[in-house]
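As a plain string of letters, each chain reads:
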Amino acid sequence: MMTDTPASPRSPIGIFGGTFDPIHQGHLACARYVLEHCALAQLQFMPCHVPPHRASPGVSAQQRATMIELAIADESAMVLQPLELNRSSPSYTADSLALLKQSMPNSTLAFVIGMDSLCYFTRWYQWQRILELSHLIVCQRPGYSRQEGDAPTLLRQYAATPAALHQHTHGKIIELNNPDFSPSATAIRSALAQNRKNISELALPVLNYIQQHRLYQS
Ligand code: ATP
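Here the structure is a predicted model, which is why all the values come from computation and not from measurement. (Residues numbered from 1 in each chain as written. Predicted model: local features only at pLDDT ≥ 70, side-chain atom pairs only at ≥ 80, totals over all residues. Heavy atoms only, no water.)

Asker: Now, about the overall build of the protein chain: what can you tell me, with residues and values included?
Answerer: Helix and strand counts for the protein chain stand at eight helices and seven strands. Relative to the globule expectation of 17 Å for 218 residues, the C-alpha radius of gyration of the protein chain, 17 Å, shows essentially globular dimensions. With respect to the principal axes defined by its C-alpha atoms, the protein chain has extents near 50 × 35 × 35 Å. Here the protein chain holds 218 residues, and the buried ones make up 49% of them. Restricting the contact set of the protein chain to residue pairs at least 6 apart, pairs at least 24 apart contribute 75%. In the form shown here, the protein chain has an accessible surface area of approximately 10700 Å², with 49% of it arising from carbon and sulfur atoms. (Helix = DSSP H or I, 4+ residues; strand = E, 2+ residues; numbered from the N terminus. Rg over C-alpha atoms; globule rule 2.2 N^0.38 Å. Buried < 20%, exposed > 50% of the residue type's maximum accessible area, 1.4 Å probe, protein only. Contact = heavy atoms within 4.5 Å. Areas by Shrake-Rupley, 256 points an atom, 1.4 Å probe, with all protein chains shown as cover.)

Take a look at the structure:
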């Protein structure tokens, strides 16, 4: 186990992992809230590799990445992290964070998830290693509570305030008190499949791109 050495004065870097199929206003609202409340230097969107048999038909990894780039074009502190897309098979978060840590050895990393993910976090591959490589920042998500699944035990053991991100290199769970951001990619894909035109849960450039390329249509 790594020891808990004091963090460098450099601000932590947030890593927001997910499928982003497609990126929606819920993701963007979380990202902005995290940047504002955790004083991060940067937030990197890290879309995961999805095996072809599980991918949305007709939507490539490159197109998911392009939609992220379109959505964050005006957000100076947000960037695309293509690490997992550039690999030929799915990667575990623990392995990706290890690679990122290798490339940024002096940076504190904070992996961003929604409360739905914290509720099942101990089912993640090498979840303890994730906490040895980074902190976790948890956004509230409608329909999931801190009382469910793994959340109470994990929060009892690892909970800290955002200040801890600047005092420790890894191993803390920061639960944010963000308002509800309702969008879900599943609901958005279903609305698009029904040919709905005005989907306010998508950033306009993303909606335009989806319509131009006829993505998610049945
Ligand atoms: P799907 O509906 O396909 O499962 P999703 O909307 O959950 O997709 P993902 O790409 O799987 O989107 O989400 C990536 C991360 O963002 C996850 O940790 C998830 O918990 C979080 N997240 C997604 N939407 C929200 C939201 N509305 N509020 C808070 N967290 C969210």
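Still more ground to cover, so stick around.
Asker: How would you summarise the pattern of salt bridges if you had to cite specific residues and measurements?
Answerer: Counting across every chain of the model gives five salt bridges. Between Asp21 and Arg189 there is a salt bridge, with the nearest N and O atoms lying 3.9 Å from each other. One end of the pair, Asp21, is in the loop between strand E1 (13-18) and helix H1 (25-38); the other, Arg189, is in helix H7 (residues 185-193), with 168 residues separating them in the sequence. Overall, Arg189 belongs to the partly exposed group, its relative accessible area being 25%. The salt bridge involving Arg32 is made with Glu75; its shortest N-O contact spans 2.8 Å. Placement of the pair is Arg32 in helix H1 and Glu75 in the loop between helix H2 (61-71) and strand E3 (78-80), with a sequence separation of 43 residues. (Salt bridge = Lys/Arg side-chain N within 4 Å of Asp/Glu carboxyl O.)

Asker: Account for helix H3 (residues 93-103), with residues named and values stated.
Answerer: In an α-helix, one turn spans 3.6 residues; hence positions three or four apart end up facing the same way. Of the positions making up H3, those classed as buried are Thr93, Ala94, Ser96, Leu97, Ala98, Leu100 and Lys101. Buried residues along H3 sit against E1, strand E2 (42-47), strand E4 (109-114) and helix H5 (127-133).

Asker: So, the packing of aromatic side chains: which residues are in play, and what are the values?
Answerer: Within this structure, the stated rule accounts for eight aromatic pairs. Both rings, one in Phe111 and one in Trp124, keep their centres 6.1 Å apart while their planes meet at 75 degrees; by these two values the pair is edge-to-face. Taken as a pair, Phe111 in strand E4 and Trp124 in the loop between helix H4 (115-119) and H5 lie far apart in primary sequence, 13 residues in all. Through a chain of ring-to-ring contacts, three or more aromatic side chains come together here, namely Phe111, Phe121, Trp124, Trp127 and Tyr158. (Phe/Tyr/Trp six-rings, centres within 6.5 Å; stacked < 30°, edge-to-face > 60°.)

Asker: Any chance you could break down the sheet that holds strand E6 (residues 159-160) for me, citing the residues and the numbers?
Answerer: Taken in spatial order, the seven strands of this open sheet run E3-E2-E1-E4-E5-E7-E6, and their pairing is parallel. The two strands at the open ends of the sheet, each matched to only one other strand, are E3 and E6. One ladder, built from three bridges, connects strand E5 (residues 135-139) with strand E7 (residues 173-175); its direction is parallel. Looking across to E7, one finds that Leu136 is bridged to Ile173. Packing against the sheet, H3 makes contact with E1, E2 and E4, and its axis sits at approximately 150 degrees to E4. (Pairing = 2+ DSSP bridges. Axes fitted to C-alpha atoms, helices over the stretch in contact; angles between N-to-C directions.)

Asker: An account of the state of the cysteines is needed here, citing residue identities and associated values.
Answerer: Taken as a whole and assessed by the stated rule, the structure comprises zero disulfides. Cys38 takes part in no disulfide bond, and the closest cysteine sulfur to it belongs to Cys139, at a distance of 7.9 Å. (Disulfide = S-S within 2.5 Å.)

Asker: Please give an account of the environment of Glu69 that cites residues and values.
Answerer: Mapping Glu69 onto the fold places it in helix H2. Look at Glu69 and you get partly exposed, because its relative accessible area is 43%. Spatially, the C-alpha atoms of Glu69 and Ile23 are 9.7 Å apart, while their sequence positions differ by 46 residues.

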